[in-house]
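# Fold and contact review
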Amino acid sequence: MTALDHSQVKEGVDQDTVDAVREVGSTYKHGWSTDIEMEYAPKGLTHDIVRLISEKNEEPEWMTEWRLGAYDRWLKMVEPDWAMVDYPKIDFQDQYYYARPKSMMVKPKSLDEVDPKLLATYEKLGIPLREQAILAGVEGAEGAPAEGRKVAVDAVFDSVSLGTTFQDDLKKAGVIFCSISDAIRDYPDLVKKYLGTVVPVSDNYYATLNSAVFSDGSFVYVPPGVRCPMELSTYFRINAENTGQFERTLIIADKGSYVSYLEGCTAPKRDEAQLHAAVVEIIVEEDAEVKYSTVQNWYPGDEDGKGGIYNFVTKRADCRGDRSKVMWTQVETGAAVTWKYPSCILRGDDSQGEFYSIAITNNWQQADTGTKMIHLGKNTKSRIVSKGISAGQAQNTYRGLVSMHPKAKNARNFTQCDSLLIGSKCGAHAIPYIEAKNNSARVEHEATTSKVDENQLFYCRSRGMDEEEAVALVVNGFCKDVLQALPMEFAMEAQQLVAISLEGSVG
Amino acid sequence: MLEIKDLHVELAEEDKAILKGVDLKIEAGKVHAIMGPNGSGKSTLAYVLSGRPGYEVKQGTATLDGTDLLELEPEERAAAGLFQAFQYPVEIPGVGNMTFLRTAVNAQRKARGQEELSAAEFLKEVRAKAKDLEIDAEMLKRPVNVGFSGGEKKRNEILQMAMLEPRMCMLDETDSGLDVDAMKLVATGVNALRDEGRAFMVITHYQRLLDHIKPDVVHIMADGRIVKTGGPELALEVEHNGYADILAEVA
């Protein structure tokens, strides 16, 4: 690619994006399902189901007890209702809490043992898993030079992690990247030390539920002073019907280390709403830095609001060490209902938290999303850039908390919160909470709400772009600050998603 | 090339007649100037031809090489070769000028069934054309029209025109807000595009632009109609005597 192509991606929509969008044709491109024989645990949730999940994952006793403790707490909790979202009451006893492909009953040793249908599924999603599988699994392939930029992938299909690519390269660097169930078995001390320390078992209704029933997820440990040699990536896909997906991610960046982690999500079209309640915990030690990027494209439901994923996610990073840094970037285009606030606890002195978000809602989608920046240490800094785009009948809420604690001397926050409306039936809301408990803290907040301007669209069209190209261009321009924060590969995908998710929103 | 017959147009929201029977024929290779007092319908004429929403055509036709323009979407009119340099170009925050240009050029090429320009070809062309208009690399990177001075905006419109290579160019008060030097630059850009296969409709209040872009035909528009048509000397007459005499003469 030439220099121009790079600048194109950064500046807004480019022709490749528009082409890709055209090729896609239908609005939701990941709406197919794979016909694979599944093994389910019986519907509903009981102590026995929790034990069964633990047993299926071959977990030690302490883990089973941890889960049961969470389940008992969950039974006493009530579902939160403060978010600006509205959906029919979920019958938690009418869900499957565990589903895995039958061919996975004996865990594969490498990707080569994985059902080819599963690999085909991931290929359709555009993940080059197969090629990477060769590098990861085939003997003699070790040391073969990988082409281009490497991204290690951990793929989670319904409840089970399918396999992680590039294990050898990572091992050489000392980085542990595996499924959380493997980590519980192979690195119990690390898991015990960190699991539940950022998002406690009792944190909130969905996090507690996740603690009881999480079936798999990813685990990352980067040892002191190590810069992870490649992007780490997890791809989640819900395939089975009436199945909840509860993945658990635990990332530990030890002193002076660096890691960039990408997360992508899709699900097939189903008439029934499906539940997704994940927990992500990140621990950032002294001088370490973690970048966590999400492109969330769960099935949003159809044009009448039928079906779609309920996305109730708890993500939190704990900047424990001095000068530690975490950066959340999210592009939320899918899901029928989103309830998600990736947060930063800025505990170490001079630690920094950043949150960049694009949330697009179209048709009947609802999103209540934002962040919490908890400033505890001296000279801590945080930055929030949120871009909400609403079309159709959708409701889009930014909800954020900036909290300056008494010891957070000279802490600073900057928040920019912009909303863009397309059409006249959608809504945008901003609910910023600010708590300042010391007088040296500085908090800045800027907010704008605008409508996609008819004159802008006409200007683009008078130069030859059709209406959808024009909207995509204008919206990508609106999101530019956040798109720039994404890793290159994701920036392209995100631009396409922006265009796809707004198809049919005008005219 | 462009043929307008008995065109009647109202503002859609107000039921207010703006054009009251415009007849105009512009041949390929010619430059037609349209002059007239404020509110005579000059800009409306250009907007209606480009397809801006908000106007209602009550009567009459407008064709470009026999194609009925009024039936087409704005982007189809552009692909057919129509271009309007706007009096007030719109700002598009976050979208790089270069990205905008490339998206527009390729959208039109695609609509005409041509291959898209590669990044390298595009870059080469845009750099050469920008240089003639004294548009530097920095201005190509900045978001479309955001923070541009009046002169920069107008030069940018001419750059778009040069890149899109339309056959029928409409310039809506491109000289307004320009100092003498900027106006010369714009005029040079326009003159470079003059060609046997291309026609221009230059809307202006003042003779001074026509010193630089020499028209073949000058029309005077008043109250939604073209009331007088003549050669370049008609523009000079307006410059010296204003519109009052002409309007009295045709009344």
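Here the structure is a predicted model, which means the values were calculated and not measured.

### Thoughts on the UniProt feature "domain: ABC transporter" (unreviewed entry) in chain B
Within this numbering scheme, the UniProt entry marks residues 2-248 of chain B as carrying the feature "domain: ABC transporter" (unreviewed entry). The annotated region residues 2-248 of chain B carries 40% helix and 29% strand content, and the separation between its end C-alpha atoms amounts to 29 Å.

### Things to note about the pattern of salt bridges
This structure, assessed with the given rule, holds 35 salt bridges over all chains. The residue A:Asp318 makes a salt bridge to A:Arg320 at a minimum N-O spacing of 2.8 Å. A:Asp318 gets classed as buried once you look at its relative accessible area, which sits at 1%. Salt-bridge contacts for A:Lys340 lead to A:Glu332; the nearest nitrogen and oxygen are separated by 2.3 Å. Note on accessibility: A:Lys340 and A:Glu332 belong to one class, buried. Via salt bridges that share partners, A:Arg461, A:Glu467, B:Glu73 and B:Glu75 belong to a single interconnected network.

### As for the sheet that holds strand β3 (residues 31-35) of chain B
Two pairing modes exist for strands in a sheet, parallel and antiparallel, and in both the strands are linked by backbone hydrogen bonds. Residues and elements named next belong to chain B. Spatial strand order, β6-β9-β10-β3-β11-β12: 6 strands in an open sheet with mixed pairing. What marks the edges here is a single partner per strand, and that holds for β6 (82-85) and β12 (225-230). Strand-to-strand twist of the sheet, defined as the mean angle between neighbouring strand axes without regard to direction, takes the value 20°. Relative to strand β10 (residues 199-203), strand β9 (residues 168-172) runs parallel, the two being bridged by 5 bridges. Paired with Asp172 across the bridge in β10 is Ile203. Running over the sheet, helix α9 (residues 233-241) touches β3, β11 (217-222) and β12 and is turned about 110° from β12.

### Concerning the packing of aromatic side chains
All names here are of chain A. With the rule as written, the count across this model stands at 24 aromatic pairs over all chains. Consider the rings of Tyr261 and Tyr292, whose centres lie 5.0 Å apart with planes at 25°: the pair is stacked. In this pair, Tyr261 sits in strand β9 (residues 258-266) while Tyr292 sits in strand β12 (residues 289-296), placing the two residues 31 residues apart along the sequence. The same class applies to Tyr261 and to Tyr292, which are both buried. With 6.4 Å between their ring centres and 85° between their planes, Phe312 and Trp339 make a pair best called edge-to-face. Highlighted residues: Phe312 in strand β13 (residues 308-319) and Trp339 in strand β15 (residues 337-340), separated in sequence by 27 residues. Its relative accessible area of 1% is what places Phe312 among the buried residues. One aromatic cluster is present, formed by Tyr71, Trp74, Trp82, Tyr87, Phe92, Tyr205, Tyr206, Tyr310, Phe312, Trp339 and Tyr341 through successive ring pairs.

### Brief notes about the sheet that holds strand β4 (residues 55-64) of chain B
All names here are of chain B. Reading across from one edge, β2-β1-β4-β5 is the order of the 4 strands in this open sheet, with antiparallel pairing throughout. Two strands lie at the open edges of the sheet, namely β2 (16-26) and β5 (67-68), each paired on one side alone. By the bridge criterion, 8 bridges tie strand β1 (residues 2-11) to β4 in an arrangement that is antiparallel. Following the sheet pairing, Lys5 is matched in β4 by Thr61. In the packing of helix α1 (residues 42-50) onto the sheet, contacts are made with β1, β2 and β4, and the angle to β1 comes to roughly 105°.

### Some points on unusual backbone geometry
Residues and elements named next belong to chain B. For Glu134, which is not glycine, the phi dihedral falls at a positive 55°. Glu134 gets classed as exposed once you look at its relative accessible area, which sits at 57%. A positive phi is found at Asn145, a non-glycine position, where the angle reads about 65°. As for its position among the elements, Asn145 is in the loop between β8 (143-144) and α6 (150-164).

What counts, and at which threshold
Residues numbered from 1 in each chain as written. Chains lettered and ligands numbered in written order. Predicted model: local features only at pLDDT ≥ 70, side-chain atom pairs only at ≥ 80, totals over all residues. Heavy atoms only, no water. UniProt positions renumbered as here; feature names shortened; annotations may be inferred. Helix = DSSP H or I, 4+ residues; strand = E, 2+ residues; numbered from the N terminus. Salt bridge = Lys/Arg side-chain N within 4 Å of Asp/Glu carboxyl O. Buried < 20%, exposed > 50% of the residue type's maximum accessible area, 1.4 Å probe, protein only. Pairing = 2+ DSSP bridges. Axes fitted to C-alpha atoms, helices over the stretch in contact; angles between N-to-C directions. Contact = heavy atoms within 4.5 Å. Phe/Tyr/Trp six-rings, centres within 6.5 Å; stacked < 30°, edge-to-face > 60°.

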